[in-house]
Amino acid sequence: MKMLRSLTLQPSSLLFKFNFNMSTVVNTQAFSSAASPPSKAVVYEAHGQPDEVTKLVNIPGVELKENDVCVKMLAAPVNPSDINRIQGVYPVRPEPPAVGGYEGVGEVYSVGSAVTSFSPGDWVIPSPPSFGTWQTYIVKDQNVWHKVNKGVPMEYAATITVNPLTALLMLEECITLNSGDAIVQNGATSMVGQCVIQLAKSRGIHSINIIRDSPGVDEVKERLKDLGADEVFTENELEGKNVKSLLGGIPEPALGFNCVGGNSASMVLKFLRQRGTMLTYGGMSKKPVTVSTSSFIFKDLSLRGFWLQNWISTDKAEEGRRMIDRLLGLVQDGKLKYKMELTPFKDFNTALDKALGKLGSQPKQVIKF
């Protein structure tokens, strides 16, 4: 297991790219209280495998401008997209050197002289998400932050934007679904998949769920049904079957979600009704989506993609914040839950190994600062 090295940043090209000026920092800390505390951050100086290029660094405090908010981070997840950004394969990514992480929750530590919407002690999330959440203190303009209810468990506030918001938007923004309709999805054990099941159930929408064949599959099925899944099938159980015969009293799905690709995506398509739609939002198998000619001609199926980044980049910040508040309300009411594991920041390398799949199947890793 690779251990993260800890060092203090010195004046250099890396320091310049982080916009730190040592003399300014020293002067500010000597003569003003409007500065952030020194921070520890997970930084990568070049793209590559996360367990090889990340390191823990000490970052000096920075001066707060009048519209800035300094936030002491409480928790931040390790998402697949975070991994892909470090690898340099995600379409939207900061140029290294950069601090990892994209979402999380923190507590307001101090505010600039012109800030009136936030006070020390408030809980906030970056909304839309913002690069660099894997550090102990963050200074950003007040427009970046959205206040959230402190009564929500911090791990849910930290993870509410990327995955639960994706699930909600896919259910509500693609086609109109009514109570009694059905959806089908693969990757049902993922965080998005778990949210889809519960959000669909709350609206009276049936869910058919496809999972991988793996040890303990009966326990996985039971867990998903406890969340509200109507049917759960493994890929092997569907191989060569007339899937319509498995529906029982559930109508053919109008909408399908694919985050796997390959044969698993083809199984989602088999379930869809005439003129049904499949949304692809991931490709965990790294295999293409293959569609039979007959599916297009005789079923008139539609295939679309969904990328949260596109949606939040289209002037919908306020709408997104309202939806996040709605999701957090469901969490607080006990109507939305998913598996996570909190890992102390000092053990970040362990959380990263788990997120990379080095230690087998693991819950979503959430760093606790």
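Here is a short report on the structure shown in this document. (Residues numbered from 1 in each chain as written. Predicted model: local features only at pLDDT ≥ 70, side-chain atom pairs only at ≥ 80, totals over all residues. Heavy atoms only, no water.)

### Brief notes about a nonpolar patch on the surface
- The grouping of Val289, Phe296, Ile297, Phe298 and Leu303 at the surface amounts to a nonpolar patch, some 470 Å² of accessible area in total.
- Looking at the nonpolar patch element by element, the count peaks at three residues for helix H11 (residues 293–299).
- Its place among the elements puts Phe296 in helix H11. (Patch = residues over 30% accessible without salt bridge, like charges linked within 9 Å, V, L, I, M, F, W, Y side chains within 5 Å. Areas by Shrake-Rupley, 256 points an atom, 1.4 Å probe, with all protein chains shown as cover. Salt bridge = Lys/Arg side-chain N within 4 Å of Asp/Glu carboxyl O. Helix = DSSP H or I, 4+ residues; strand = E, 2+ residues; numbered from the N terminus.)

### Concerning the packing of aromatic side chains
- Going through the model one piece at a time under the given rule, you end up with seven aromatic pairs.
- A centroid spacing of 5.4 Å and a plane angle of 35° characterise the contact between Tyr102 and Phe131, whose relative ring orientation is tilted. Here Tyr102, found in the loop between strand S5 (98–99) and strand S6 (105–111), pairs with Phe131, found in the loop between strand S7 (123–126) and strand S8 (137–141); they are 29 residues apart in sequence, far enough to count as distant.
- With relative accessibility at 7%, the residue Tyr102 sits in the buried group.
- Sitting over the ring of Tyr102, Arg85 keeps its end group 4.0 Å from the ring centre. (Phe/Tyr/Trp six-rings, centres within 6.5 Å; stacked < 30°, edge-to-face > 60°. Buried < 20%, exposed > 50% of the residue type's maximum accessible area, 1.4 Å probe, protein only. Lys NZ or Arg CZ within 6 Å of the ring centre and 35° of its normal.)

### Examining helix H14 (residues 348–355)
- Counting buried positions along H14 gives six out of eight residues, so the element sits mostly inside the fold.
- Residues of H14 that are buried include every one of Phe348, Asn349, Ala351, Leu352, Asp353 and Lys354, and no others.
- Along its buried surface, H14 packs onto strand S2 (39–44), helix H3 (50–53), strand S3 (54–59), helix H4 (80–87), strand S16 (340–344) and strand S17 (364–368). (Contact = heavy atoms within 4.5 Å.)

### A look at the side chain of Thr54
- Note that Thr54 resides in strand S3.
- A polar contact of 2.6 Å, which involves the side chain of Thr54, links it to the backbone oxygen of Pro50. (Polar contact = N/O pair within 3.5 Å; in protein donor to acceptor, adjacent residues only side chain to side chain.)

### Digging into unusual backbone geometry
- Note that the residue after Pro96, namely Pro97, is joined by a cis bond; omega there is 5°.
- In this fold, Pro97 is placed in the loop between H4 and S5.
- Not every positive phi belongs to a glycine, and Arg275 is a case in point at roughly 60°.
- Structurally, Arg275 is set in the loop between helix H10 (262–271) and strand S14 (277–280).
- For Arg275, a relative accessible area of 60% translates into the label exposed.

### Details of a negative patch on the surface
- Taken together, Asp218, Glu219, Glu222 and Asp226 make up a surface patch of like negative charges.
- Looking at the secondary structure, you find Asp218 in helix H8 (residues 217–227).
- Asp218 gets classed as exposed once you look at its relative accessible area, which sits at 59%. (Lys, Arg positive; Asp, Glu negative; His and termini not counted. Charge placed at Lys NZ, Arg CZ, Asp CG, Glu CD.)

### Notes on the sheet that holds strand S13 (residues 255–258)
- With parallel pairing, six strands are arranged side by side in an open sheet as S12-S11-S10-S13-S14-S15. Of all the strands in the sheet, just strand S12 (231–234) and strand S15 (302–305) have a single pairing partner and so form its edges. Strand-to-strand twist in this sheet, taken as the mean axis angle between neighbours without regard to direction, amounts to 20°.
- Sheet analysis places strand S10 (residues 182–186) next to S13, joined by three bridges and oriented parallel. The partner of Gln185 across the bridge, within S13, is Phe257.
- Of the strands in this sheet, strand S11 (206–211) and S12 are in contact with H8, which crosses S12 at around 155°. (Pairing = 2+ DSSP bridges. Axes fitted to C-alpha atoms, helices over the stretch in contact; angles between N-to-C directions.)

### Quick word on the side chain of Asp82
- Mapped onto the secondary structure, Asp82 falls in helix H4.
- Beyond its immediate sequence surroundings of up to four residues, Asp82 is in contact with Pro77, Gly101, Tyr102 and Trp134.

### Overview of the pattern of salt bridges
- Applying the stated criterion across every chain, the model contains twelve salt bridges.
- The salt bridge partner of Asp82 is Arg85, with a shortest N-O separation of 3.9 Å. With Asp82 and Arg85 both in helix H4 and three residues apart, this pair spans about one turn of that helix.
- On the accessibility criterion, Asp82 (3% relative accessible area) is buried.
- A salt bridge links Lys354 to Glu341, with the nearest nitrogen and oxygen atoms 3.0 Å apart. With Lys354 in helix H14 and Glu341 in strand S16, this residue pair connects regions lying 13 residues apart in the sequence.
- Relative accessible area serves as the criterion here: at 18%, Lys354 is assigned to the buried category.
- Within this structure, Asp51, Asp353 and Lys358 form a network of salt bridges that share partners.

### Digging into the pairing of S6
- In the sheet, strand S4 (residues 68–77) pairs with S6 via six bridges, with the strands oriented antiparallel. Across the sheet, Cys70 pairs through a bridge with Ser110, a residue of S6.

### Brief notes about the pairing of S2
- Of all six residues in S2, five are buried; the element is thus mostly enclosed.
- Relative to S3, S2 runs antiparallel, the two sharing six bridges. In the strand pairing of S3, Val42 is matched with Leu56.
- Pairing geometry for S2 and S5, over two bridges, is antiparallel. Note that in S5 the partner of Tyr44 across the bridge is Ala98.

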